[in-house]
Structure formats: structure tokens, C-alpha cells
Amino acid sequence: MKKILFLVVLLATIKIQAQNYLSGYIRDKESKEVLPGAVVYFPELKNGTAAKADGSYGIGHLPKIKTIIQIKAVGYKTFVQQVDLAKVSTFDVLLEASVLEASEVVVTGVSKATEIKRSPIPIVVVDNKYISQNTATNAIDIISKTPGVSALTTGPNISKPFIRGLGYNRILTLFDGVRQEGQQWGDEHGIEMDQFLIDRVEVIKGPASLIYGSDALAGVVNMLPANPLPQGVIKGGLQSNYQTNNGLIANSFFIDGNSNGITWGGRASHKNAMDYQNKKDGRVYNTAFEETDFNVHAGINRRWGYSHLNLSAFDNLQEIPDGSRDSLTHQFTKQITEADTFRPVVPASELNSYKITTLHQRVQHYRAFLSNNFIIGQGKLAVNIGYQQSIRREYAHPQAPNVPGLFLVLNTETYDVKYYLPEAKGFEIVSGINGMYQTNNTNQATEFVIPNYKLFDFAPFVFVKKNIKKWDIAAGARYDTRSFKNSATYVTTNPLTGFDEAVLNNDTAGTTKQFGTYKHIFSGFSGSLGATYNVSEKLLFKVNIARGFRAPNISEISANGVHPGTGFDQLGNAAFKPEFSLQEDIGVFYDDSHISSSIELFNNNISNYIFNQKLQSKHGGDSTITQAGNKYPVFQYQQTNAQLYGGEARIDIHPHPIDWLHFENSLSVVYALNLGGGGVAITDSTKYLPYIPPVHTNSELRAEFKKNVSFFHNIYLKFDVQWYAAQNRAFTAYGTETPTGGYTLLSAGLGADIKNKKGNTLFTFSVLGTNLADVAYFNNMSRLKYFGTGIYSMGRNISFKLSIPISIKKAK
């Protein structure tokens, strides 16, 4: 934190130099009419503006370098082009009318801001329009319908991202390019991020270890906030959401500004929900939650580059379900004593309450990061440093509600330094180093699953991109070194409380050794080589081959204990080797004014693949352990070799002349095979891998009406069908997983902007319904399927969303 504050003070004292300025007009290509409101943005510089009423724009504080400019307007194809700001001061643009915007610019996993169609890496973008026209209960839920992406869930507010069948520490989640660290190995908590902060999401579908390191073996999810406002603008807004199924009440208020290149802003959000419900289980006990989030940011944009500081706080109270029921009535019961000899039925008043129960977890996450981009001649230096603290408590003692069972304090310092060489002869080269230093402390716990540990990452890398006529070729290499050490932990029983506690001195006589000392250095090479062949402006082919690396996480190596949030006893394996993947991707993409389509295929071979397996007792049946009167099944991580293959296909049709009608369809397929190795025998019950999403499709028919009706503008109406096939390719050995039946879900929605006579938006509303047929179904990616006798997923849900913009100051 001291380093961050020092840099802020240093940058604030830099003398402001004469600024470079770019201006021009944005017009329709055919009619030559001006396009007020068109957004002009430089993704690499994080600087932009909007066209005024006469179609003109002007933007200052620009360095004299070559960079990408992106111009967007509703109903027009996105304009993307490289401009040399050292030579150009006037730049007029003609936009081509199109119902498909296309030409998205991405900043994730590339040498610099790049058109998505020119990047060989498999990547997909979820934009703000999609986010606003769909309903979600958490940050990851936003992207769960994206082709190739799914989520492992534990109720409405807990989702873990999975990409092409892989998740946990194989997926790296970023916020504005900065890695998110918060015990990703855990099943029972989600990503610690305010969903209202997210304006756009970029998802890499495949190994991204080259740029981001060990935990990006299967992909990256980069959550991006809204772009900085144009100079001279101050605005705010209120966003509200109510959902009928669990009574979710969510509100978020923000205010942002830009004064002469000094950007600033803040947001406060709160959401609260009671237990969710479905027609089979009724209300599902202990799935309520309450979340409070804060974020502030400040930055400066100048000719020398930019520096942006971001601070956030996340605080989530999340109940812990276990699925226990009364044997006669099948109603949910609750634990009321430590001995747990009797469980009463949960009363209706408690099921319908927003009050968080005694047995819950509290997840707090604090983040501070400073993003810097310094212009050095025609090159630039990016220096990003951050600090995060994740505090996780699980309150599992019903008669001691203020005593946490699990208590983890994770501190992480991240660094990322890149130098972008000046472009020469079409070569774009970036080299750098990044990594993190991390410590974990469990000394205040009364239940111990993982030990105290220290971790340090260091990795140099280089990435090169070259354009040769119709070819865009990209390649890179990286070498990771992760130093890992955990200390021995001894526990003893406190005679006053009866709970276990860590021994903090060297007197270990009469104590139990929970964890042994472990020290290891994991290292490995990552690399990629890919190309895009642009047959024409409409048709292109992509091919990519990438090697990924992942070091085992703390739970996989050292876990030893009952974890109440998961409902089982977890064992690690200190002999594990790092995972290495080799993934091949091929894709074909076609886009014109009325059709957008693609087919992407992949094959991924992973050596030393780690997965969790239920153990069998030597006497037959489940292996169990008894603790505090409760029996818990025992799971242990295993290592094998694996193959995952499949792909995604999509087609979006906008038939002429009814361009206001959109028919969007997608198909996602993942198959996973256990190839054996590491002592894992291959039988009919072990030949597949656990938690692999089934074949599924999504079809949406959406009408976006061009004609306004009185005060109603931008009216849309949509109908959505999601089909999930049965998942019979399950890892059924010892009851680790069971097959899951197929199901179909129906959704619908409508929304509009309400504007006054001057054309100013008063508010935007939407009504969105999911699972309208109220289908009772098991999702094979839901952990609740295995709680008790099985818990069904959420039933019918109607979501009401309201967004009220507040304009405080407009640009001159």
C-alpha cells in the first residue's frame, strides 16, 4: 500500500506538458448525416469522448504514438483503425450502417488492444447491452450462457467460472486486468466482486499462461469496468433489481467525473436475499445472503500516459446449506447443538426471513491496485501493482455463534511490468515479468483444512505479433517459477471451549500434528503459436496451439480436515506434480450486415490432471470420518492424464428487411476422458472426468423496435430457450458423481428507455423471467445436487430492473 501511495504522490507532481489534441466529425457513410453521441475511445490510453450534437468530437491529453482508435454508435458497424497521433490532428470518420456492431476491440491476452477478429487466441466478449438485457445474481452468473462457458454453483450467489470443462485454479479471474486472489480452490464461495461494477467481460477460452501465469491454464475471465467519462462530464446513477424467487433486493449508486483529464468516481452496492425456492423443495434452507460493496477510483491522463488508482471492499454474509431433512415430512431441518443429536424442522418464518442464520460464512475482500502506462518515445511501459486481502470465516458452531470454525486470512501482493517496444516493420513486441507474493494465516481458526503457507511467483515472458498481408501471426514464450512453503501446524483442544485451536508456541507435547512441513519449487514452460487468415472483410480462419502450466494449489497439496462448507473431509497429496496442457484450436468466422456465425473446435491434452474423488472404505461403501457427532464422507485429490475436446458453434441471423428481429443460436460441446496414470485405474466408472457440463444449446429470438412509442424508446422484447442434454458421462466411482437428466428452460424479457421531450433518458426498465415453466431440475454443475438427498435448482424467477441516470455536468 505504501508503494501505491508513493507512486500516486510522485505522479501528481509531474509537470503537465503541452497536450496533443485530436478532433473530427462522425457521419453516416451513405447519408453523410452527423451522428451525435457516437463514442470515440482509445482502449490502450483509457481516454475517450462522445460526439456532440453537430457530430464533432475533440479529445486532448493524447501522446504522440501509434494506437488503436475505436468508434461506436448504435445501429452502426464499429470502426477500428490504428492512427499515428504524432502525424494526425484531424480525423473524420464515416460509419457504415449495420445491425451487427462486430469489430470488438479486446485488451485481454494480447500484445496490445486488438480487434477480436485479428487475434488467433479463442476469445469472446460479453458487452454491456447483453448484461443489461439479462438477469444475474452474481458476477459469474453474467457470463454463464456464453458459448463454452459454464458455472459451478452452490446456490444463487455462489458461482465459479468453468471454461470448456475446466475450473477452479485453472481459470484466472481478473478485474480490469488485475488478478483476483481469494482462495479459488474453495467450492463454497464465489468471486469476490461487485456485479454492478462490471460493464464488459472478455473471456479467453484456452491456455493463457503465456501472459498471466500458472492459474490461467484453462482460460481467463477479465471483468472490465465502464470506460472513463469524457472530459468535463460528471454523472451518476441508481440501479435497482428485485427478483421474485428469493426476494432479492439489490441497489447500487455511483458517481463518476472527468475534469481536465483527472478522472474520479465511486460506487456503493448492497443486495439481500432470503432462501431460494423450487416446486419440489419449497424454500431451500440456508441459501440466503447479504452482500455490501464499495469502490472508489481516481486517475490522471496526460501526454506521458496515465495512472489510475482503484480501491474496493467486498463483504458477503452467505449461509451454508447442508441439505438435511426430516425423514417423514422431507422438510429441511437445522443443526442447533454441537453434539447434533436432534434436528428440528425449520419453521416457515425462518425460511421466509432475510435474517442471516447462525451457520454462515463471511467473506471479506479488500483490493487496492495502481495501473500505470508511461509513454517512452514510441514505446510504452506498463507497471501495475496491487494488494489484496481475503478474510474468510465459516461459523459452524451453533452454540457458539461468534466463534468461527474455518478462519483464513490471505494476503497477496501482485506485480506486472511490461514494456511495449515501438512497432517496427509490422512487428508488435511486448516483454515483461509478473507474479505475486502470497501468505495465508489460519491461526485464529477452530477447524483446520489448509495450513499457513507462503508463495512467490516469478515469470519472464515475451509476446510477438506480426501482420503479413492477410495473415496475423502471434507467438510467445514464458517460464514460470513458483516457490511454495507451508509450515507444520499442531492443534490442541481448548478445555474451556471444547474447540480445537492452533499451538502458537514450540510446546507440542500432547498436541496433534494437523499439517507437516512442505517446501517445493514448481516450474514450467508455457508458449503459444497462432495465426489468423483474413480471407476477406467477412470471412476469416483462426488456428492456435498453446501449452499451459499450472502448479498445484494449497488444498491439492496439503488439505487435511473437515470443511463444513463442502460437507466432506478433504485430503491432499504432497507428491503432486504440476499440470501441463497442450491445446489445439481451429475456427472459422463469417460476418456480414445480417449474419454473424462461427465454428470453433478444440482438443486439450493435460498431463498430471488433478481431480477430487470420494474414497471407498476398505470394508466397502463410503469412507467416512466422524466429527462432533456428524459423519462426513472422505475425498482425496487424485492425479491422472486427461483429454478434453469439443467446440462451440453459433449463428446470429438478422433477416432483411426486418433488421429489428434477431435470431441468435449457439451450441456448446465438451467431452472429457480420463486417460489414466498416477495410479488411477480406468474402469467404466472412472473413464470420464467429474463436473463436465453437458451438451447444451441456447436460442434467443429478440425484437429491437426502431420505432418509438410515445416516451418509450429502444423497446426490446425477447424469448429464450435453453436446452441441456442428459449428462451420463459421469465419474461414478464410489459415488463421486451421478448421471444427471436433461431439461429445457424457457426465459423471456422486455425493456425500454423512458425519455422526455428533449430526448433525455429519465430511466431504463426491464422485466426478465427465467425458468418460466417452473421446471424442477438437477444441474450437474450444481454442488447442491449432492447435499442430503439432493436439492433442485432455482424455480421460476421474475426480475425487475431499473436504472436511473443522473446528469450532473455535461461537456462544454
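Check the entry above for the structure.
Because the structure is predicted, anything quoted here is derived from the model rather than measured.

Engineer: Help me understand the overall build of the protein, please; the structure alone is not making it clear to me.
Structural biologist: The helix and strand tally for the protein stands at 5 helices and 46 strands. Here the C-alpha atoms of the protein give a radius of gyration of 27 Å, agreeing with the 28 Å that 2.2 N^0.38 yields for 812 residues. Projecting the C-alpha coordinates of the protein onto the three principal axes gives extents of approximately 80 × 55 × 50 Å. Taking all 812 residues of the protein together, 57% fall into the buried category.

Engineer: Quick question: what am I supposed to make of the sheet that holds strand E1 (residues 20-28) here?
Structural biologist: Strand-to-strand pairing in sheets goes through backbone hydrogen bonds, with the strands running parallel or antiparallel. Strand order in the open sheet formed by 3 strands is E4-E1-E7, with mixed pairing between adjacent strands. Whereas interior strands pair on both sides, the edge strands pair on one side only; in this sheet they are strand E4 (56-62) and strand E7 (93-95). Averaged over all pairs of adjacent strands, the angle between their axes in this sheet comes to 30°, without regard to strand direction. Pairing of E1 with E4 involves 5 bridges; the strand directions are antiparallel. Of the residues in E4, the one forming a bridge with Asn20 is Leu62.

Engineer: How should I be thinking about the side chain of Asn258 in this particular structure?
Structural biologist: Note that Asn258 resides in strand E18 (residues 248-259). Only 2.8 Å separates the side chain of Asn258 from the backbone oxygen of Leu229, close enough to count as a polar contact. Dropping the residues within four chain positions of it, Asn258 is found in contact with Leu229, Pro230, Gln231, Gly232, Val233, Thr263 and Trp264.

Engineer: Would you take a moment to explain the sheet that holds strand E2 (residues 39-42) for this structure?
Structural biologist: Here 4 strands make up an open sheet; going across it, the order is E3-E2-E5-E6 and the pairing antiparallel. Whereas interior strands pair on both sides, the edge strands pair on one side only; in this sheet they are strand E3 (47-50) and strand E6 (79-84). Between one strand axis and the next, the sheet turns through 20° on average, direction left out of account. The pairing of strand E5 (residues 66-72) with E6 spans 6 bridges and is antiparallel. Bridge pairing links Lys66 to Asp84 in E6.

Engineer: I would appreciate a short explanation of the pairing of strand E15 (residues 200-205) in the present structure.
Structural biologist: Two faces, one strand: in a regular strand the side chains alternate between the faces of the sheet. With 6 of 6 residues buried, E15 lies mostly within the body of the structure. Here E15 shows two buried faces, one formed by Arg200, Glu202 and Ile204 and the other by Val201, Val203 and Lys205. Strand direction decides the pairing type here: strand E10 (residues 123-126) and E15, joined by 4 bridges, are antiparallel. In the sheet register, Val126 faces E15, and the bridge partner there is Val201.

Engineer: Looking at this structure, I do not really get empty space enclosed by the protein. What am I missing?
Structural biologist: It is the rolling of a water-molecule-sized probe over the atoms that shows where space remains empty. As enumerated under the stated definition, the model contains 17 cavities of 30 Å³ or more in all. Estimated volume of the largest cavity: approximately 910 Å³. Around the largest cavity, the lining is made up of 44 residues, and of these Asp141, Ser144, Gln722, Leu745 and Tyr777 lie nearest the centre. Listed by contribution, the elements that provide at least two residues to the lining of the largest cavity are strand E11 (149-153), strand E43 (712-724), strand E44 (743-755) and strand E45 (761-770). Classifying every residue of the lining of the largest cavity by side-chain character gives 17 nonpolar, 23 polar and 4 charged. In this structure, the second largest cavity spans a volume of roughly 190 Å³. For the second largest cavity, the lining is made up of 16 residues, of which Gly177, Arg179, Thr414, Tyr415 and Asp416 are closest to its centre. Partitioning the lining of the second largest cavity into residue classes produces 8 nonpolar, 6 polar and 2 charged.

Engineer: Explain the nonpolar core to me, please; I cannot follow it from the model alone.
Structural biologist: Here is a general trend for soluble globular proteins: nonpolar side chains tend to be buried in one another's company. Counting residues in each nonpolar core, the largest one holds 39 residues, and the members touching the most others are Ile143, Ile198, Val201, Val203, Val221, Met223 and Leu644. Those elements that place two or more of their residues in this core are E10, E11, strand E13 (171-175), E15, strand E16 (219-224), strand E38 (595-614), strand E40 (630-653) and strand E41 (661-676). Sort the elements by how many residues they give to this core and E38 lands first, with 4 residues. What Val201 contacts, discounting residues up to four positions off in sequence, is Val124, Val125, Val126, Ile143, Val221, Asn222 and Met223. Core analysis: the second largest hydrophobic core is formed by 23 residues, Leu62, Ile69, Val83 and Phe91 among them.

Engineer: It is not clear to me how the pattern of salt bridges should be interpreted in this structure. Could you clarify?
Structural biologist: Pairing between side chains becomes possible if they bear opposite charge and their charged atoms approach one another. Using the criterion set out here, one finds 34 salt bridges in the structure. Linking Lys271 and Glu291 is a salt bridge whose minimum nitrogen-to-oxygen distance equals 3.7 Å. With Lys271 in strand E19 (residues 262-273) and Glu291 in strand E22 (residues 289-302), this residue pair connects regions lying 20 residues apart in the sequence. Summarising the burial analysis for this pair, Lys271 and Glu291 share the class buried.

Engineer: Mind showing me how you'd approach unusual backbone geometry here?
Structural biologist: With the exception of glycine, the majority of residues adopt a negative phi angle, and the majority of peptide bonds are in the trans configuration. Residues His656 and Pro657 are joined by a peptide bond in cis, for which omega reads 10°. Relative to the elements of secondary structure, Pro657 occurs in the loop between E40 and E41. For Lys46, which is not glycine, the phi dihedral falls at a positive 50°. Relative to the helices and strands, Lys46 is located in the loop between E2 and E3.

Engineer: Would you mind going over the packing of aromatic side chains with me for this structure?
Structural biologist: In this description, a pair of aromatic rings is defined by centroid distance and the angle of the planes. Enumeration according to the criterion identifies 16 aromatic pairs in this entry. Relative to Phe484, the ring of Tyr453 has its centre 5.4 Å away and its plane inclined at 20°; by these criteria the two rings are stacked. Placement of Tyr453 in strand E28 (residues 453-468) and of Phe484 in strand E29 (residues 471-486) is noted, with a sequence separation of 31 residues between them. In this structure, Tyr453 and Phe484 share a single accessibility class: buried. Counting every residue linked through ring pairs, the aromatic cluster contains Tyr453, Phe484 and Tyr518. Positioned above the aromatic ring of Tyr420, the side-chain terminus of Lys380 is 4.6 Å from the ring centre. We note Lys542 situated over the ring of Phe589; from NZ or CZ to the ring centre the distance is 4.9 Å.

Engineer: Can you help me understand a nonpolar patch on the surface in this one?
Structural biologist: Nonpolar side chains collect at one region of the surface, where Ile658, Trp660, Phe705, Leu717 and Leu750 lie side by side and expose about 400 Å² of accessible area between them. Relative to the assigned elements, Leu717 resides in strand E43. On the basis of relative accessibility, which here comes to 44%, the residue Leu717 falls in the partly exposed class.

Rules behind the numbers
- Residues numbered from 1 in each chain as written.
- Predicted model: local features only at pLDDT ≥ 70, side-chain atom pairs only at ≥ 80, totals over all residues.
- Heavy atoms only, no water.
- Helix = DSSP H or I, 4+ residues; strand = E, 2+ residues; numbered from the N terminus.
- Rg over C-alpha atoms; globule rule 2.2 N^0.38 Å.
- Buried < 20%, exposed > 50% of the residue type's maximum accessible area, 1.4 Å probe, protein only.
- Pairing = 2+ DSSP bridges.
- Axes fitted to C-alpha atoms, helices over the stretch in contact; angles between N-to-C directions.
- Polar contact = N/O pair within 3.5 Å; in protein donor to acceptor, adjacent residues only side chain to side chain.
- Contact = heavy atoms within 4.5 Å.
- 1 Å grid on protein atoms, 1.4 Å probe; cavity = no way out; pocket = protein on both sides within 12 Å on 5 of 7 lines; lining within 4 Å.
- Points joined across faces, edges and corners; volume = space filled by probe spheres on them.
- Nonpolar A, V, L, I, M, F, W, Y, C, P; charged D, E, K, R; others polar.
- Core = buried A, V, L, I, M, F, W, Y, C linked by side-chain atoms within 4.5 Å.
- Salt bridge = Lys/Arg side-chain N within 4 Å of Asp/Glu carboxyl O.
- Phe/Tyr/Trp six-rings, centres within 6.5 Å; stacked < 30°, edge-to-face > 60°.
- Lys NZ or Arg CZ within 6 Å of the ring centre and 35° of its normal.
- Patch = residues over 30% accessible without salt bridge, like charges linked within 9 Å, V, L, I, M, F, W, Y side chains within 5 Å.
- Areas by Shrake-Rupley, 256 points an atom, 1.4 Å probe, with all protein chains shown as cover.

By themselves, these figures tell us nothing about what the structure is for.
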